[in-house]
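Working through the structure, step by step
This is what each chain is made of:
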Amino acid sequence: MNATLVSGEARNLHLGTSRVSIGTPLTWLRLGWRDMRRNWGASLGYGALTVAFGWTLLIFLGTHPYYVAAAISGFLLVAPVMSAGFAEMSRRYSSGQSANFDDSLDGFSRNHTALIWFGAILALCAIVWFAASAVMLSTVFHITAPDMQETLYRGFLDSMNRSQVEAYVVVGGALAAFVFMLSVVTVPLIIDQHAGAGQAMFASVRATFTNIPAMILWSALILALTIIGYAPFLGGLLIVSPLLGHATWHAYRDLIK
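1. A few points about the side chain of Gln199
Position of Gln199 among the secondary structure elements: in helix H10 (residues 197-210). In this structure Gln199 comes out as buried when scored by relative accessible area, which is 2%. At a separation of 2.7 Å, a polar atom in the side chain of Gln199 contacts the main-chain amide nitrogen of Gly196.

Below, the structure is given as structure tokens:
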């Protein structure tokens, strides 16, 4: 399946979307693990940054539903864009080169304009999610905006019953699925092919719908690994975030030609 993707940039890309088997995401994880092992220090450095960012969000935003929405928004914004470092390392490995942490920073500058646009679009998604959460919590669940005392002494589960939490998760899951479709191969495509943000997102959505069974498995693996990463006070993200970041490069290599 070939498509000519046209944007306002001077360069037009002729991209082919490949079909993969349902079990291919497991291969992406295996190859991602292999890339991690090539330079533990650089990969775990990004993992440590992810954990630190998560702890910061939990400390300041983890005590009320409104703030939990902001925390989720922050992860939606940061995680896909941060994978630029992992993608650059894996790109170099696939070319037979070595890569350290300093080399990985080139991933953020190879096509920084498109990455900024992609980050801005994710930020817009985060703002929409936060606004929708505020409306839903106040009009449907009748949870008011937090005051200082509530923020300090009450928790998320204290403010909502089980059915409210489930409904809240469903709404957030719908947005997460949308962001997943936009970002399956977007960052590696921006870095490797110098695609525009719109080109890369269109290709990502197209690859998703071309490979629905594999994408269902891939999204389930991402969700499961992320939950595992959250469990021990976010410590698991030290391993999970670089594993998924490197695996995203191999997903791009299989899905886009």
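That shown, we press on.
2. Description of the confidence of the model for the chain
Chain-level pLDDT for the chain is 80 on average; 74% of the residues reach the 70-or-more range. Within the chain, helix H1 (residues 24-38) carries the highest mean pLDDT (96), whereas strand E1 (residues 2-5) carries the lowest (41). The model gives residues 1-10 a pLDDT under 50, and that stretch makes 28 contacts with residues more than four places away or in other chains. Considering only residues more than four positions removed or in separate chains, one finds that residues 147-154, a stretch of pLDDT under 50, has eleven contacts.

3. Overview of the side chain of Thr210
Relative to the assigned elements, Thr210 resides in helix H10. On the accessibility criterion, Thr210 (10% relative accessible area) is buried.

4. Quick look at the packing of aromatic side chains
Remark: the centre distance and the inter-plane angle together describe each pair of aromatic rings, the angle taken between the planes. Per the stated rule, a full pass over the model turns up six aromatic pairs. When the centroid spacing of 5.3 Å and the interplanar angle of 85° are considered together, the rings of Trp28 and Trp218 count as edge-to-face. A residue pair is termed long-range when its members are at least 10 positions apart, and Trp28 in helix H1 and Trp218 in helix H11 (residues 212-230) qualify at 190 residues. For Trp218, a relative accessible area of 2% puts it in the buried group. Ring geometry for Trp33 against Trp40: centres 5.4 Å apart, planes inclined by 80°, an arrangement best described as edge-to-face. Judged by relative accessible area, Trp33 falls into the partly exposed class, the value being 37%. Residue Trp40 is classed as partly exposed on the basis of its relative accessible area, which comes to 34%. Taken together, the ring pairs in this structure connect Tyr46, Phe86, Phe101 and Phe108 into an aromatic cluster.

Basis of the calculations
- Residues numbered from 1 in each chain as written.
- Predicted model: local features only at pLDDT ≥ 70, side-chain atom pairs only at ≥ 80, totals over all residues.
- Heavy atoms only, no water.
- Helix = DSSP H or I, 4+ residues; strand = E, 2+ residues; numbered from the N terminus.
- Buried < 20%, exposed > 50% of the residue type's maximum accessible area, 1.4 Å probe, protein only.
- Polar contact = N/O pair within 3.5 Å; in protein donor to acceptor, adjacent residues only side chain to side chain.
- pLDDT = per-residue confidence, 0-100.
- Contact = heavy atoms within 4.5 Å.
- Phe/Tyr/Trp six-rings, centres within 6.5 Å; stacked < 30°, edge-to-face > 60°.

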